[in-house]
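Listed below, chain by chain, are the residues.
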Amino acid sequence: MEKQDTKLYLVFTTTFLVMHFTGVMLTGIPYILNALVTSVSVFIVFFLLQNWNARSSVEKLFRDTGFKKVRIKAILPGVTISIALILVYPLLGFLLSAKLVLAKNWLLNLIGLFLTAGLTEEMLFRGYLFNNLRKERNFRSAAFISTIVFSLAHLFMFFYMAWPVASLSTILAMTISVPLAYLFERANYSIWSPAILHTAIRTIGLVVTVEEEYFNELSMLWILASIIIPNIGMAIYKKANHVTEK
């Protein structure tokens, strides 16, 4: 492993562990506060490590990790796929014969999800890891490596989730990583498009919920929908735009 790769994985691993364990330690407080503290902690640690590694200005580091100004057209794929996914909720409620409702504090939870799953995770997994891998590799190779890392990171869920849901969530991570990388690259290497989709995927429970007796079934059906729809959406966009992965 080259020295640059060692630094890449060191910065990534340290930042990820800070993100995971900060979130776990703050489980007892309202989700929006958990998200704020976790996101701020991750950004501070990440940019301190990046400044040590790259010695760039904060503005350049933000830009290099996907926080760029983009046209609406660039994020349209992520928005469209997210809307298509959200529209599946009523169908799932019908299939389960259950009433889906907005969770308590759903709007604050949605903001928190955008901060964590959207901005923080996408900055780390796509803006930093995939983006740096992509500089030296073709799309398939960079996406493959980042998919492995993204999937391994989700194995922590087996410690606090029912194993069927944790298993499907890990499979979801394996199958959603490439569409998220595709959205990142298609949006001129910016995180906004994958951040929107990643937030939409995570709305189960914290934004949209159901009676407890139906929740595990709803979660598993939602994960299946989150696997299928983004991949179909990616295939449609690639075909419509004659995109060839390089």
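Residues numbered from 1 in each chain as written. Predicted model: local features only at pLDDT ≥ 70, side-chain atom pairs only at ≥ 80, totals over all residues. Heavy atoms only, no water.

Student: Account for the layout of surface pockets, with residues named and values stated.
Tutor: Take a probe with the size of a water molecule and roll it over the atoms, and the empty space left behind shows itself. Roughly 1,300 Å³ of internal volume is contained in the largest pocket. Contributing to the lining of the largest pocket are 40 residues, with Met 157, Tyr 160, Met 161, Arg 202 and Leu 206 lying nearest its centre. For the lining of the largest pocket, the secondary structure elements donating two or more residues are α1 (3-25), α2 (31-54), α6 (106-136), α7 (139-153), α8 (163-186), α9 (192-201) and α10 (212-241). A per-element tally of the lining of the largest pocket places α8 first, with six residues. Residue classes in the lining of the largest pocket are distributed as 26 nonpolar, 12 polar and two charged. (1 Å grid on protein atoms, 1.4 Å probe; cavity = no way out; pocket = protein on both sides within 12 Å on 5 of 7 lines; lining within 4 Å. Points joined across faces, edges and corners; volume = space filled by probe spheres on them. Helix = DSSP H or I, 4+ residues; strand = E, 2+ residues; numbered from the N terminus. Nonpolar A, V, L, I, M, F, W, Y, C, P; charged D, E, K, R; others polar.)

Student: Quick rundown of the nonpolar core? Include the residues and the values.
Tutor: Judged by nonpolar contacts, the single largest core of 60 residues is most densely connected at Phe 12, Phe 125 and Leu 197. The biggest single contributor to this core is α8, with 10 residues. (Core = buried A, V, L, I, M, F, W, Y, C linked by side-chain atoms within 4.5 Å. Buried < 20%, exposed > 50% of the residue type's maximum accessible area, 1.4 Å probe, protein only.)

Student: Go over the pattern of salt bridges with me, naming the residues and quoting the values.
Tutor: Inspection of every chain in the model, using the stated rule, returns five salt bridges. Of the charged contacts, one joins Arg 63 and Glu 59 as a salt bridge, the two residues approaching to 3.6 Å between their closest N and O atoms. Taken together, the residues Arg 63 and Glu 59, both in helix α3 (residues 58-64) and four residues apart, mark about one turn of the helix. For Arg 63, a relative accessible area of 38% puts it in the partly exposed group. Taking the relative accessible area as the measure of exposure, Glu 59 reaches 59% and is therefore exposed. Two residues, Arg 126 and Glu 122, come together in a salt bridge whose shortest N-O distance is 2.7 Å. Taken together, the residues span about one helical turn, with Arg 126 and Glu 122 both in helix α6 at a distance of four residues. Given the relative accessible area of 1%, Arg 126 is considered buried. Its relative accessible area of 0% is what places Glu 122 among the buried residues. (Salt bridge = Lys/Arg side-chain N within 4 Å of Asp/Glu carboxyl O.)

Student: Account for the environment of Pro 230, naming residues and giving values.
Tutor: Counting through the fold element by element, Pro 230 comes out in helix α10. Given the relative accessible area of 0%, Pro 230 is considered buried. Linking Pro 230 and Leu 85, residues 145 residues apart in sequence, is a C-alpha distance of 7.9 Å. Sequence-distant contacts of Pro 230, defined by excluding residues within four places in its chain, comprise Ile 81, Ile 176, Pro 179, Leu 197 and Ala 225. (Contact = heavy atoms within 4.5 Å.)

Student: An account of the packing of α8 against α10 is needed here, citing residue identities and associated values.
Tutor: Where α8 meets α10, the axes come as close as 9 Å, and the angle between the chain directions of the two elements is 25 degrees. The orientation of α8 with respect to α10, classified from their angle, is roughly parallel. Pair α8 / α10 crosses with left-handed handedness. Across the contact of α8 with α10, the residue classes tally to 16 nonpolar, seven polar and two charged. (Axes fitted to C-alpha atoms, helices over the stretch in contact; angles between N-to-C directions. Parallel < 35°, antiparallel > 145°, perpendicular 65-115°, else oblique. Left-handed = near helix turned anticlockwise from the far one by under 90°.)

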